[in-house]
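Chain and residue survey
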Amino acid sequence: MTDLFSKFDPLIQQREELLATGLTDPFNLVMERVESPTVAICNGKRTILLGTYNYMGMTFDPDVIDAGKKALDDFGSGTTGSRVLNGTYGGHKAVEQALKDFYAMDHAMVFSTGYQANLGVISTIAGKDDYIVLDIDSHASIYDGCALGNAQIVPFRHNDIQALESRLRRIPEGAGKLVILEGVYSMLGDIAPLKEMVAVSKAAGAMVLVDEAHSMGFIGENGRGVAEAQGIIDDVDFIIGTFSKSVGTVGGFCVSNHPKFEILRLVCRPYVFTASLPPSVVATAATSIRKLMNSADKRAHLWENSKRLHAGLRQLGFELGTSEPQSAIIAVIMPDLEKGAQMWEALLHEGLYVNLARPPATPGNMTLLRCSLCALHSEEQVGEILGMFAAAGRATGCIS
Ligand SMILES: Cc1ncc(COP(=O)(O)O)c(C=O)c1O
């Protein structure tokens with residue numbers, strides 16, 4: 001018998017070698033108690049959360065919690081059914097209406113996760129004879145959607161407008177073309193030049209899908225994302241998003257003005273062949289989304305936090321993923337995995353949680369400490385965070 005697990009041996013060995021040095025496992029942390037969107041208890045210690053993508057801090061919003069409790073009482077703990085059978089409740093229609101209002105678009109379709117939204121929409125609209133042109137640093141769910149649909153995949157260099165244009169030019173005349181972009185790329189926290197890229201795509205006759213998972217609620221005047229901030233949201237055919245970041249719960253969605261959009265509900269397998277979100281989840285999501293429509297003050301504070309942390313980390317001597325803050329994600333570039341894991345652990349001992357990202361999930365095989373800010377981090381907390389980075393950076397030799 002061939003052990004089908006033998007392909008994982010190199011990863012198992014790398015992990016064992018790292019843990020043999022006595023380091024805490026960076027991918028096995030338990031949040032023992034979560035006190036707020038910015039503080040949890042980990043290993044019995046108060047820990048500031050700087051790696052949760054809880055950008056707008058909605059997870060403990062009293063209105064959101066009340067809506068969830070009420071739905072649990074009124075509709076039970078789950079739907080036990082697909083959206084096309086017994087799994088569409090009033091709450092699912094209400095959250096889709098909240099999304100249509102939030103984005104000012106005609107159609108909204110909710111999936112059980114953002115991963116499934118990409119998987120479903122991409123695989124359903126782009127099939128084996130179609131071409132998908134996508135940024136090489138696209139999220140795993142985008143790649144998996146392309147694979148599921150069997151489309152021809154044409155990747156181009158990250159954020160390179162000319163590379164996109166030249167790839168589009170090579171696609172056979174008359175073929176179906178979908179360009180997939182992200183508003184914010186979550187590894188380095190950089191944004192896409194959507195305005196130029198959407199123009200180039202449209203000129204080539206392609207449809208455009210933008211994943212705004214990391215910009216919803218925060219970027220753009222109404223929090224609709226980078227496409228709104230760059231003034232081209234009306235030229236985008238499909239926006240994909242998630243409830244697992246700014247909205248503060250779980251779920252995914254696609255919004256669109258395409259006149260035939262609703263047919264997806266019958267032909268999109270990751271929508272049809274899975275149970276719908278629990279009533280409590282859609283109720284919390286709808287309440288959160290409606291509150292995000294009126295959150296300009298929180299957006300402004302989050303930008304302040306992002307600028308303050310970016311400037312402070314640079315001043316301490318850390319190398320960052322972007323030369324200026326472009327989103328609520330700030331990536332600190334580590335020299336290698338070993339140093340990155342040491343720094344991650346040192347920060348945890350200081351009382352700070354960030355995400356460790358390592359190859360092959362990272363661009364250029366970098367090891368990154370990814371920091372994601374929350375609108376509810378106070379100015380004092382950002383000061384504390386910088387103090388912890390200074391202490392951990394010196395203790396591990398990452399800065400002098
Ligand atoms: C760009 C992007 N798209 C989609 C997803 C999937 O979202 P979800 O957590 O809702 O499955 C993520 C999550 O990390 C993401 O970063």
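For the structure, check the block above.
On a predicted model such as this, the values are computed, not experimentally measured, just so you know.

1. A word on helix H7 (residues 194–203)
Regarding H7, the residues found buried are Leu194, Met197, Val198, Val200 and Ser201. For H7, the buried positions fall inside an angular range of 160° around the axis, keeping them on one side. Contacts made by the buried residues of H7 are with strand S6 (152–156), helix H6 (161–169), strand S7 (177–182), strand S10 (207–211) and helix H8 (226–229). Directly beyond the C-terminal end of H7, a positive phi value near 80° is found at glycine 205.

2. Here's the deal with the pairing of strand S2 (residues 39–42)
Residues Val39 and Ile41 line one face of S2 and the alternating positions Ala40 and Cys42 line the opposite face, and both faces are buried. Relative to S2, strand S1 (residues 33–34) runs antiparallel, the two being bridged by two bridges. By the bridge assignment for S2, valine 34 is matched with alanine 40. In sequence, S1 turns back onto S2 through a hairpin of four residues. Sheet topology places S2 next to strand S3 (residues 45–49); four bridges connect them, and they run antiparallel. Directly across from cysteine 42, in S3, lies its bridge partner lysine 45.

3. Some remarks on the nonpolar core
Of all hydrophobic cores here, the largest spans 93 residues; its most connected members are Leu99, Tyr103, Leu181, Phe243, Leu309, Leu369 and Phe389. Tallying contributions element by element places helix H13 (residues 337–350) first for this core, with seven residues. Leaving out residues up to four positions away in the same chain, phenylalanine 389 has contacts with Leu50, Leu313, Leu316, Phe318, Val332, Met343, Leu347, Leu352, Val354, Leu369, Cys371 and Ile399. One finds Ala117, Ala126, Leu134 and Ala151 within the second-largest nonpolar core, a separate group that totals 22 residues.

4. Points about the packing of aromatic side chains
Applying the stated criterion across every chain yields a total of eleven aromatic pairs. For the ring pair phenylalanine 111 and tyrosine 271, a centre distance of 5.6 Å and an interplane angle of 70° mean the geometry is edge-to-face. One end of the pair, phenylalanine 111, is in strand S4 (residues 107–111); the other, tyrosine 271, is in helix H10 (residues 269–272), with 160 residues separating them in the sequence. Of the residues examined, phenylalanine 111 reaches a relative accessible area of 2% and is grouped as buried.

5. A look at the site of the ligand
What surrounds the ligand is a group of 14 residues, the closest being Gly114, Tyr115, Asp211, His214 and Thr242. The contact in question runs from an oxygen atom of the ligand to an N or O atom on the side chain of threonine 242, over 2.6 Å. Contact with the protein chains hides 83% of the accessible area of the ligand, taken as 400 Å² for the molecule alone. The element contributing the most residues to the shell around the ligand is helix H4 (residues 114–125), with three residues. Split into classes, the residues belonging to the shell around the ligand amount to two nonpolar, nine polar and three charged.

6. Observations regarding a nonpolar patch on the surface
A cluster of nonpolar side chains, contributed by Val84, Leu85, Ile263, Leu266 and Val267, occupies part of the molecular surface with about 500 Å² of accessible area. Counting through the fold element by element, valine 84 comes out in the loop between helix H2 (62–75) and helix H3 (90–103). You can call valine 84 partly exposed: its relative accessible area is 36%.

7. Focus: the environment of arginine 314
By secondary structure assignment, the location of arginine 314 is in helix H12 (residues 296–316). Take arginine 314: its relative accessible area is 48%, and that puts it in the partly exposed class. When the C-alpha positions of arginine 314 and valine 154 are compared, they lie 36 Å apart, and in sequence the two are 160 residues distant. Aside from chain neighbours lying at most four places away, what touches arginine 314 is Leu320 and Ser323. A distance of 2.5 Å separates a polar side-chain atom of arginine 314 from the backbone oxygen of serine 323.

8. Examining the sheet that holds strand S15 (residues 355–357)
Pairing is antiparallel across the open sheet formed by three strands, whose spatial order is S13-S16-S15. Strands with a single pairing partner mark the edges of an open sheet, and in this sheet they are strand S13 (329–334) and S15. Across the sheet, the mean angle from the axis of one strand to that of its neighbour is 25°, orientation sign disregarded. The sheet strands contacting H12 are S13 and strand S16 (367–372), and the helix crosses S13 at an angle near 15°.

9. Things to note about the sheet that holds S4
Pairing between sheet strands relies on hydrogen bonds along the backbone, with the strands arranged either parallel or antiparallel. As summarised here, the arrangement of the seven strands in space is S4-S12-S11-S10-S7-S5-S6, forming an open sheet in which the pairing is mixed. Of all the strands in the sheet, the pair left with one neighbour each is S4 and S6. Going across the sheet, the axis of each strand differs from the next one's by a mean of 20°, ignoring polarity. Where S4 lies against strand S12 (residues 252–256), five bridges are found, and the strand directions are antiparallel. Counterpart to valine 110 in the pairing with S12 is phenylalanine 253.

10. Here we look at the side chain of serine 246
Within the element layout of this structure, serine 246 appears in the loop between strand S11 (238–242) and S12. Taking relative accessible area as the criterion, serine 246 reaches 2% and is therefore assigned buried. With residues near it in sequence (within four places) discarded, serine 246 still touches Tyr53, Tyr55, Met56, Met58, Met216, Gly217, Ser288 and Leu292.

11. Points about the side chain of histidine 310
Summarising the element assignment, histidine 310 is placed in helix H12. Looking at histidine 310, its side chain comes within polar contact range of the main-chain oxygen of threonine 322, at 2.8 Å. Among all residues touching histidine 310, those that are not within four sequence positions of it are Leu320, Thr322, Ser323, Glu324, Pro325 and Ile330.

The rules behind each value
Residues numbered from 1 in each chain as written. Predicted model: local features only at pLDDT ≥ 70, side-chain atom pairs only at ≥ 80, totals over all residues. Heavy atoms only, no water. Buried < 20%, exposed > 50% of the residue type's maximum accessible area, 1.4 Å probe, protein only. Helix = DSSP H or I, 4+ residues; strand = E, 2+ residues; numbered from the N terminus. Arc of directions from axis to C-beta. Contact = heavy atoms within 4.5 Å. Pairing = 2+ DSSP bridges. Core = buried A, V, L, I, M, F, W, Y, C linked by side-chain atoms within 4.5 Å. Phe/Tyr/Trp six-rings, centres within 6.5 Å; stacked < 30°, edge-to-face > 60°. Near = heavy atom within 4 Å. Polar contact = N/O pair within 3.5 Å; in protein donor to acceptor, adjacent residues only side chain to side chain. Areas by Shrake-Rupley, 256 points an atom, 1.4 Å probe, with all protein chains shown as cover. Nonpolar A, V, L, I, M, F, W, Y, C, P; charged D, E, K, R; others polar. Patch = residues over 30% accessible without salt bridge, like charges linked within 9 Å, V, L, I, M, F, W, Y side chains within 5 Å. Salt bridge = Lys/Arg side-chain N within 4 Å of Asp/Glu carboxyl O. Axes fitted to C-alpha atoms, helices over the stretch in contact; angles between N-to-C directions.

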